[in-house]
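Inside the fold
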Amino acid sequence: LPNEKVGPLEVLNPFNIGLMIVLIAGIGFIGYAAVRIVGPGRGMGLTGLVGGLVSSTAVTLSISRIARREPDLVRPAAIAVLLASTIMFVRVLVEVAVVHRPLIPRLAVPLAAMTLSGAGVSLWLYLRSRRIAAPAEVAFSNPFELGSALKFGLLFAVVLFVSKAANVYLGVGGTYAAGLLAGTTDVDAITLSMANLAKGGGVGSNVAVTTIILGVGSNTLVKAGLAAAIGGWSFGRVALAGFGAMLAAGALGVACIWMAG
């Protein structure tokens, strides 16, 4: 692929887009292989942990259905869903570290707060249930499939272009709005877009970090809604409490980095 900027706003680089596809496919394949090796019989908690490397949304959808069918498994199911999202925060940090490491000191504050919050709620639920039972079969697609890779590449290019255009024509508020909107469907695209823009000087570090957290936050809200709608209220209220704690921790973390300058 040509290693040069093309198109309007000079923000799209085919070589960089290809690198992002390989990065996400690689991370996803590690989780995909782990799920296949470990198998569903290891329990919901472990499924949530390794499944979060592939897609925390897929884990939420699959586990929520199980929670509706098996009311006795509400807490183990909630642990799986919350752990999948907790691993997602770690995945975001790894992606940014690969693309633009100088963002890590700022991004680590809100993401660490969200990770610790998710882990803490999961531990509390585990201590109350004293078991992580029931095998959970979660449906994942192979991230190395050409169709999936090309779809992500297209999504990344669109999000990158829209984010840059929003920043140029609408200012910082437009960038934040792009992060919120993009996060409802995919966290990786907005994460890598902001890391690339910050690396090239297109946006400031605090703006990039805040936009990534907004994307992560909107994605978390979507999963909370899915859990409540699909898993039923008994499961949904437990998941909502956990997701709410994560969001509150993330907001506090973002406030800290802005106050620190």
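Relevant structure appears above.
All of these numbers come straight from a predicted model, not from anything done at the bench.

Time to look at the overall build of the protein. When helices and strands are tallied, the protein shows ten helices and zero strands. Ordering the α and β elements of the protein from the N terminus gives α-α-α-α-α-α-α-α-α-α. Of all 261 residues assigned to the protein, the portion counted as buried reaches 52%. Considering only intrachain contacts with a sequence separation of at least 6, the fraction spanning at least 24 residues in the protein is 78%.

Another aspect to go through is the nonpolar core. Ranked by size, the top nonpolar core spans 62 residues in total, and within it Leu-107, Phe-152, Leu-192, Val-216 and Phe-235 carry the most contacts. At the level of secondary structure, the elements contributing two or more residues to this core comprise α1 (14-38), α3 (56-69), α4 (74-99), α5 (104-129), α6 (146-170), α8 (187-199), α9 (205-231) and α10 (233-260). By residue number, the principal contributor to this core is α4, which donates 14 residues. Once you skip the residues sitting within four places of it in the chain, Phe-235 turns out to touch Ser-64, Ala-67, Val-74, Ala-77, Ala-78, Val-81 and Ala-227.

The next subject is the environment of Val-254. Locating Val-254 in the fold gives a position in helix α10. Placed 45 residues apart in sequence, Val-254 and Val-209 show a C-alpha to C-alpha distance of 8.1 Å. Setting aside anything within four residues of it in sequence, one finds Val-254 in contact with Pro-110, Thr-210 and Ile-213.

Another aspect to go through is helix α7 (residues 172-183). An ideal rise of 1.5 Å per residue puts 16 Å on twelve residues; α7 measures up with 17 Å between its terminal C-alpha atoms. For α7, every residue scored as buried is listed here: Gly-174, Thr-175, Ala-178, Gly-179, Ala-182 and Gly-183. Buried residues of α7, viewed axially, fall in a sector of 165 degrees; they line one side. The inward-facing, buried residues of α7 contact α6, α8 and α9.

Okay, the side chain of Asn-206 next. Relative to the assigned elements, Asn-206 resides in helix α9. Residue classification places Asn-206 among the buried positions, given a relative accessible area of 11%. One polar contact links Asn-206 to Arg-106, side chain to side chain, over a distance of 2.9 Å.

As a further point, take the side chain of Ser-117. Inspection of the secondary structure assignment puts Ser-117 in helix α5. Taking the relative accessible area as the measure of exposure, Ser-117 reaches 15% and is therefore buried.

A complete count under the given rule lists two salt bridges for this structure. For Arg-91, the salt bridge goes to Glu-95, with nearest N and O atoms at 3.6 Å. In this pair, Arg-91 and Glu-95 both sit in helix α4, four residues apart, roughly one turn of the helix. The exposure class of Arg-91 is buried, given its relative accessible area of 7%. The class of Glu-95 is buried, set by a relative accessible area of 0%. Taking the shortest distance from any N to any O, the salt bridge between Arg-91 and Asp-188 comes out at 3.3 Å. Of the two residues, Arg-91 sits in helix α4 while Asp-188 sits in helix α8, which places them 97 residues apart along the sequence. Salt bridges sharing partners connect three or more residues here, namely Arg-91, Glu-95 and Asp-188.

Thresholds, definitions, all that
Residues numbered from 1 in each chain as written. Predicted model: local features only at pLDDT ≥ 70, side-chain atom pairs only at ≥ 80, totals over all residues. Heavy atoms only, no water. Helix = DSSP H or I, 4+ residues; strand = E, 2+ residues; numbered from the N terminus. Buried < 20%, exposed > 50% of the residue type's maximum accessible area, 1.4 Å probe, protein only. Contact = heavy atoms within 4.5 Å. Core = buried A, V, L, I, M, F, W, Y, C linked by side-chain atoms within 4.5 Å. Expected span 1.5 Å × (residues − 1). Arc of directions from axis to C-beta. Polar contact = N/O pair within 3.5 Å; in protein donor to acceptor, adjacent residues only side chain to side chain. Salt bridge = Lys/Arg side-chain N within 4 Å of Asp/Glu carboxyl O.

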